[in-house]
Amino acid sequence: MPDNTRRARDELFWKTFADRYSNEPGPINLENGYFGRMSRTVVEEYQRNIELINRSNSVHVRQRFEQGESLEIRAQLAELIGVRAQAIALTRNATDSLQSLIRNYNRLQPGDQVLICDLEYDTVKGAMRWLARYRGVEVIEIDHQHPASFDSLLASYREAFARYPRLKLMALTHVTHRTGLVMPVQAIAAAAREHGIDVILDGAHALGQMEFNLQELGIAFAGYNLHKWIGAPLTLGFMYIAPERLADIDPDMGEIHFPLNDIRARTPYSTPNIPALLTLPQVFEEHLAMGGSAAKGARLNYLRNEWVRAARNLPGIEVMTPDDPRLYCGITSLRFTRHEDQQVMVDRLLNEYNLFTLVRSGAASGPCIRITPGLTTTAGDIALLIKALDQLR
Ligand SMILES: Cc1ncc(COP(=O)(O)O)c(C=O)c1O
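Remember, predicted model here, so these are calculated numbers, not experimental data.

Quick word on the packing of helix 3 (residues 40-81) against helix 9 (residues 274-289)
Across the interface, helix 3 lies against helix 9 with an axial gap of 5 Å and an inter-helix angle of 55°. The orientation of helix 3 with respect to helix 9, classified from their angle, is oblique. Here helix 3 runs over helix 9; the crossing is left-handed. Split by residue class, the contact of helix 3 with helix 9 holds 20 nonpolar, seven polar and three charged.

Printed below as a string of structure tokens:
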């Protein structure tokens, strides 16, 4: 058994790991998809950096951060995801990164078509619809078949590519926030390339819980945040543009602080959360020391599989996310099929079992309840979820 798989089920290891995090007493959190906790040592480093920047103010920032530390942090981030530093620009979150890419993509002509699906994040859908209003393009929206399979997902894109010959650009979500479905990014991007369609990848949920290589995936444009599974302070993200495609994204709103051939001109120039950025080296060190995305992903998948295996045998519970290992991660959604209102069931999970979950609507397959274990979730928490599902169904 590979090390990460063995370790994923080692409750003692994860109990010791969880002890590095402070945890407010209250409901058992099965909604860890919103953002991740920072470890206590990251919080301490962040506080030290807040105090440092507050004391030293612009002297430190102008003398040391702008030309030194920020470049080093960017290089470390690039190394973490296996790309060159010139391909990365720091941003405030995934939305900023993705909206800048969509807004500034300069290869669209009036009459072209752009593609989104029912599983995209709403701020991405909004930006693609904005293109229709301001660039005169047509937005094509497709719904994915449910239950989805690797082949059905690929087929729905192939069908759209064939049916809409004026498609030039599409959004693609690596891990959808609605059901946790992992898209076959490499296969879809390859099919898109055959039709000359560019892909902007929303990687918000993938970073830190999945291993991937953007070059192997065939992705030239992507947006990320750092606050979900990497464990960084809130307010940080980054944009990726393959260096050979930089000219296809215009400087953001006429940005002039960096030369045209610098990716940093593709993001809004503003004063960032410098203490948070200065905390990143500690974040990366801890992420890598515990085994990185492979170790985190293995644990989250293990917890997910524990409850999904039980729930598949419970009439009255539908697990919305497939069991093909290529198509799931730690996040998975379910639905109580005998109950109309999923919010009522979320309330009952909380009030009767102390389990904190979330309704997600917007998928063509209908509203569902998203279950997202975190790195401090225990096997006992999952056993309680299984009991609750069985009793409430
Ligand atoms: C799939 C997906 N895309 C984009 C975002 C937006 O991320 P941010 O809050 O960093 O802008 C989220 C946030 O949860 C998400 O789940």
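Digging into the sheet that holds strand 9 (residues 317-319)
The four strands lie next to each other as 9-10-13-12, forming an open sheet whose pairing is antiparallel. Either end of the sheet is taken by a strand with one partner, and the two such strands are strand 9 and strand 12 (358-360). Across the sheet, the mean angle from the axis of one strand to that of its neighbour is 40°, orientation sign disregarded. Where strand 12 meets strand 13 (residues 368-371), three bridges bridge the pair, whose relative direction is antiparallel. By the bridge assignment, L358 is partnered in strand 13 with R370. Sheet strands in contact with helix 11 (residues 342-353) are strand 10 (332-336), strand 12 and strand 13, and its direction is about 165° off that of strand 12.

Some remarks on the domain arrangement of the protein chain
A common way to express how large an interface is: the accessible area buried when the components associate. Per the domain assignment, the segments of the protein chain are domain 1 (3-30 + 292-392) and domain 2 (47-286). The C-alpha-based centres of domain 1 and domain 2 are spaced at 27 Å. With 29 residues of domain 1 at the interface, the matching set in domain 2 holds 23 residues. Interface of domain 1 and domain 2: buried area, both sides summed, is about 2,100 Å²; carbon and sulfur atoms make up 59% of it. Considering only the side of domain 1, the residues that lose the most area to domain 2 are S293, L327 and I331, jointly responsible for 24% of the buried surface there. Where domain 1 touches domain 2, the interface holds nine residue pairs in polar contact (both at pLDDT 80 or more). Looking at the side of domain 1 that touches domain 2, the elements that each hand over two or more residues are helix 10 (292-311), strand 10 and strand 13. Ranked by the residues each element gives to the side of domain 1 that touches domain 2, the list is headed by helix 10, at five residues. Residue composition of the side of domain 1 that touches domain 2, by class: 12 nonpolar, 11 polar and six charged.

Here we look at the site of the ligand
Around the ligand lies a shell of 13 residues, among which A94, T95, D202, N225 and K228 are the nearest. Here N225 contributes a side-chain N or O atom positioned 2.8 Å from an oxygen atom of the ligand. With the chains in place, 90% of the 390 Å² that the ligand exposes on its own is no longer accessible. Of the residues belonging to the shell around the ligand, the class tally is four nonpolar, seven polar and two charged.

Quick word on the packing of aromatic side chains
For the structure shown, the criterion picks out 10 aromatic pairs. The interplanar angle of 80° and the centroid separation of 5.0 Å between the aromatic rings of F13 and W14 together place this pair among those described as edge-to-face. Where Y34 meets F35, the ring centres are 5.2 Å apart and the plane angle is 70°; that geometry is what we call edge-to-face. A relative accessible area of 37% means that F35 is categorised as partly exposed. Through a chain of ring-to-ring contacts, the aromatic side chains of F13, W14, F17 and Y21 assemble into a single cluster.

Regarding the packing of helix 11 against helix 12 (residues 379-392)
Relative to each other, helix 11 and helix 12 sit at 120°, their axes nearing to 11 Å. The angle between helix 11 and helix 12 falls in the class oblique. Classified by chirality, the crossing of helix 12 by helix 11 is right-handed. Residue-level contacts link M345, R348, L349, E352 and Y353 of helix 11 to L384, A388, Q391 and L392 of helix 12. In terms of residue class, the contact of helix 11 with helix 12 is built from six nonpolar, one polar and two charged.

A few points about the UniProt feature "domain: Aminotransferase class V" (unreviewed entry) in the protein chain
When the UniProt feature table is mapped to this numbering, "domain: Aminotransferase class V" (unreviewed entry) covers residues 45-366. Secondary structure across residues 45-366 divides into 43% helix and 15% strand, with the first and last C-alpha atoms of the span separated by 43 Å.

A closer look at the side chain of N104
Within the secondary structure layout, N104 lies in helix 4 (residues 94-104). Not counting the four nearest positions on each side in its chain, N104 is found in contact with D248, I249, D250, P251, D252, M253 and R266.

Thoughts on the nonpolar core
Y157, M170, M183 and L214 are the most contacted members of the largest nonpolar core, which has 91 residues in total. With nine residues, helix 3 is the single largest residue contributor to this core. In this structure, this core is formed jointly by two domains, domain 1 (3-30 + 292-392) and domain 2 (47-286), each of which donates at least three residues. Among all residues touching M170, those that are not within four sequence positions of it are L115, M128, Y157, F161, I188, A192, I197, D198, V199 and I200. Of all hydrophobic cores here, the second largest spans 26 residues; its members include I317, V319, L349 and A388.

The rules we used
Residues numbered from 1 in each chain as written. Predicted model: local features only at pLDDT ≥ 70, side-chain atom pairs only at ≥ 80, totals over all residues. Heavy atoms only, no water. Axes fitted to C-alpha atoms, helices over the stretch in contact; angles between N-to-C directions. Helix = DSSP H or I, 4+ residues; strand = E, 2+ residues; numbered from the N terminus. Parallel < 35°, antiparallel > 145°, perpendicular 65-115°, else oblique. Left-handed = near helix turned anticlockwise from the far one by under 90°. Nonpolar A, V, L, I, M, F, W, Y, C, P; charged D, E, K, R; others polar. Pairing = 2+ DSSP bridges. Contact = heavy atoms within 4.5 Å. Domains from an automatic or database assignment. Buried area = accessible area lost by both parts, 1.4 Å probe. Polar contact = N/O pair within 3.5 Å; in protein donor to acceptor, adjacent residues only side chain to side chain. Near = heavy atom within 4 Å. Areas by Shrake-Rupley, 256 points an atom, 1.4 Å probe, with all protein chains shown as cover. Phe/Tyr/Trp six-rings, centres within 6.5 Å; stacked < 30°, edge-to-face > 60°. Buried < 20%, exposed > 50% of the residue type's maximum accessible area, 1.4 Å probe, protein only. UniProt positions renumbered as here; feature names shortened; annotations may be inferred. Core = buried A, V, L, I, M, F, W, Y, C linked by side-chain atoms within 4.5 Å.

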